[in-house]
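# Structural description and commentary
Spelled out, the chains give:
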Amino acid sequence: MPPQETPRQKPKVDGTQLLNLPPGLEIRKATTKERKLFFTRWSQNGGGHGLGPSDDKSFLACDPDGLLVGTLQDKPVAFILTFRYDRTLGFIGNVMVHRMVRGRGYAHYMMQAGIERLRRKFTLTIGLYVQSETLLAYEKQGFTKGYSVSCYKREMRRGTQPRTKVKEWCRVQYPLQTVSTGLAAFDKSCSGVERTAFLESWLNQSEHTGHLCIDVASGVILGYGVLIKIDSTSYKIGPLISTNVEVAEQLLCSLINEAVPKKNARGKVKVDTAINVYIDVPNANAKGVDMVTRHGFRYYTGALRLNKGQPVDEKLVNIYGITCQILGT
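Residues numbered from 1 in each chain as written. Predicted model: local features only at pLDDT ≥ 70, side-chain atom pairs only at ≥ 80, totals over all residues. Heavy atoms only, no water.

## Observations concerning the overall build of the protein
Assigned secondary structure in the protein consists of eight helices and 15 strands. Out of the 329 residues belonging to the protein, those deemed buried represent 52%. For the protein, restricting intrachain contacts to residue pairs at least 6 apart in sequence, the fraction spanning at least 24 positions comes to 74%. Here the protein has roughly 15,300 Å² of accessible surface; of this, 49% comes from carbon and sulfur atoms. (Helix = DSSP H or I, 4+ residues; strand = E, 2+ residues; numbered from the N terminus. Buried < 20%, exposed > 50% of the residue type's maximum accessible area, 1.4 Å probe, protein only. Contact = heavy atoms within 4.5 Å. Areas by Shrake-Rupley, 256 points an atom, 1.4 Å probe, with all protein chains shown as cover.)

Structure below.
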C-alpha cells in the first residue's frame, strides 16, 4: 500500500512556495537514489520515447537538478522530468505517478512544480510533446500549439541494406564524438538553442553512434545524425539535422546500416531476427516525411509540440528527425 496523506506544512520546491498542494504531498529535487529509481521504472514501462539505458547522463550533464520527486511520508510516489538547455528553452519531459495514488490530481501538481522550476531558472520558453487527446488540459495551463510530429517505424531483418546513390560532393564520417565549434554553431542555427554541453554527452554515450556529413571541397558541415540503441531489437534516430534532403538521405542510410544485424561468427544470417528503427519527423518538413516513407518507414503514431512562452526559432525544414520527445529538436 502507498503511504497515506498526513497534514503537513506546505512544502517548497528549491525554496519557492507552492500553493494549494494537498496535505502530505511534498515536492523537491530528487536524490541520486531516486533518480536511479525513476530511470529504471521509466525504461521498464516503455516510457523512454527513444532514450537509451544510460541517457540520464546527458540530462545530468546539462541540467543536474531537473528531476523532481513528489513524496508522501518521504516515500516517492510521483516524478516529473524537467530539462533546460539554456535560458532560451526548457522541456517538461515526463510525469510519472504511482498507480496506487492515481486519481488524486498529483500529475497536475507535479506539472505545476515543473513549470515553476523552469520559470525560476528564467527559461523564456517551455516546450513539451503531448498526444492530441490531452491538448485541452495543457491549453488550460497556458500552453499553445506549435507543430506536429509523425512517429515512424521500420522493421528490418538481418542482411537488409538500405540503398541510396552516393553523392560525390559530400562525405559521411563516423564515429562523431566531438562537438567542434562548427558543429555547435550548425546545431544552434537549426535548433535555435545553445546545447553544446548536452551534445558532448549525447554523442559519447556507449549506446549512441554519431555520423557527420561534410562538403568534400570546403569541409563545411552539411548535417549530422545520431543512432541510439534502446535495446537489443530497438533503435532510434535522433537528431537528424541537415541542410537539404540529399544530405539527410545519406545520413539516414548510413545510420540505418549501423543498426542492421550483422552476420554471426560463422558468416550466417538469421533471417527470422528483426529489429525496429524509429524516427520522429516534423510534419512541416514535407521532404523529410517523403524521405522516410520512401525508405520503408511506416507511420505508427503522432504527437503535438506545445509551447509556453515565445516559441524558439527552430528551422523545421532542416530537422529530419527530432532528438526525442523529451528533448525536442
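## Here we look at the environment of D56
Within the secondary structure, D56 is located in helix α2 (residues 56–62). For D56 and W202, which are 146 residues apart along the polypeptide, the C-alpha to C-alpha distance reads 9.8 Å.

## So, the packing of helix α7 (residues 245–259) against helix α8 (residues 286–294)
Look at α7 against α8: their axes get within 11 Å of each other, and the N-to-C directions meet at 35°. As α7 runs across α8, the sense of the crossing is right-handed. Touching V245, A248, E249 and L252 of α7 are K287, M291 and R294, all from α8. The class makeup of the residues in the contact of α7 with α8 is four nonpolar, no polar and three charged. (Axes fitted to C-alpha atoms, helices over the stretch in contact; angles between N-to-C directions. Left-handed = near helix turned anticlockwise from the far one by under 90°. Nonpolar A, V, L, I, M, F, W, Y, C, P; charged D, E, K, R; others polar.)

## Focus on the pattern of salt bridges
Scanning the model with the defined rule gives 10 salt bridges in all. One salt bridge connects D187 with R195, and the closest N-O pair in it is separated by 2.8 Å. Side by side, D187 and R195 carry an identical accessibility label, which is buried. As a salt-bridge pair, K315 and D313 come within 2.9 Å of each other at their nearest N and O atoms. What makes D313 exposed here is its relative accessible area of 54%. By sharing partners, the salt bridges in this structure join E249, D290 and R294 into a single network. (Salt bridge = Lys/Arg side-chain N within 4 Å of Asp/Glu carboxyl O.)

## Regarding the nonpolar core
Residues F38, L183 and Y224 are the most contacted members of the largest nonpolar core, which totals 43 residues. Setting aside residues up to four positions removed in sequence, F38 forms contacts with L67, F79, L81, N94 and M96. If you look at the next biggest cluster of nonpolar residues, it comprises 26 residues, including V260, V277, V289 and V292. (Core = buried A, V, L, I, M, F, W, Y, C linked by side-chain atoms within 4.5 Å.)

## Remarks on helix α3 (residues 106–120)
With 15 residues, α3 extends 21 Å from end C-alpha to end C-alpha; this agrees with the ideal 21 Å at 1.5 Å per step. Taken together, the buried positions of α3 are Y106, M110, M111, A113, G114, I115, R117 and L118. F122 lies just past α3 and shows a positive phi near 60°. (Expected span 1.5 Å × (residues − 1).)

## Things to note about the packing of aromatic side chains
Aromatic ring pairs are described here by two measures, namely the spacing of the ring centres and the angle between the planes. Tallied over the entire structure, the rule returns 12 aromatic pairs. Relative to Y129, the ring of F91 lies with its centre 6.3 Å away and its plane at 0°, an arrangement referred to as stacked. Pair noted here: F91 is in strand β6 (residues 89–97) and Y129 is in strand β7 (residues 125–130), with a separation of 38 residues, a long-range link. No difference in accessibility class separates F91 from Y129, as the two residues are buried. Relative to F143, the ring of Y138 has its centre 6.2 Å away and its plane inclined at 85°; by these criteria the two rings are edge-to-face. Exposure remark for Y138: the relative accessible area of 18% places this residue in the buried category. On the accessibility criterion, F143 (2% relative accessible area) is buried. Geometry around F143 places K308 over its ring, the cationic atom sitting 5.5 Å from the centre. (Phe/Tyr/Trp six-rings, centres within 6.5 Å; stacked < 30°, edge-to-face > 60°. Lys NZ or Arg CZ within 6 Å of the ring centre and 35° of its normal.)

## With respect to the pairing of strand β5 (residues 75–84)
Counted residue by residue, β5 has seven buried out of 10 residues, so it is predominantly covered. Inspection of the sheet shows strand β4 (residues 67–72) paired to β5 by six bridges, in the antiparallel sense. Within β5, the position partnered with L67 by the bridge is L81. Hairpin connection from β4 to β5: two residues lie between these consecutive antiparallel strands, with Q73 at a positive phi of about 55°. Note that β5 and β6 share seven bridges and pair antiparallel. When the bridges of β6 are listed, I80 appears paired with V95. Taking the residues between adjacent antiparallel strands as the criterion, β5 and β6 are bridged by four residues. (Pairing = 2+ DSSP bridges.)

## Overview of the confidence of the model for the protein
For residues with low pLDDT, the predicted coordinates do not support detailed interpretation. For the protein, per-residue confidence averages 85 on the pLDDT scale, and 85% of positions sit at 70 or higher. Here residues 6–16 scores under 50 on pLDDT; set against residues more than four positions off or in separate chains, the count is 29 contacts. (pLDDT = per-residue confidence, 0-100.)

## With respect to unusual backbone geometry
Cis rather than trans, the peptide bond between Y174 and P175 has omega equal to 0°. On the secondary structure map, P175 appears in the loop between β9 (170–173) and α5 (181–191). The phi dihedral of Q73 falls on the positive side, at around 55°, and the residue is not glycine. With respect to the element layout, Q73 can be found in the loop between β4 and β5. Phi is positive for F122, close to 60°, though the residue is something other than glycine. Given a relative accessible area of 57%, F122 falls into the exposed group.

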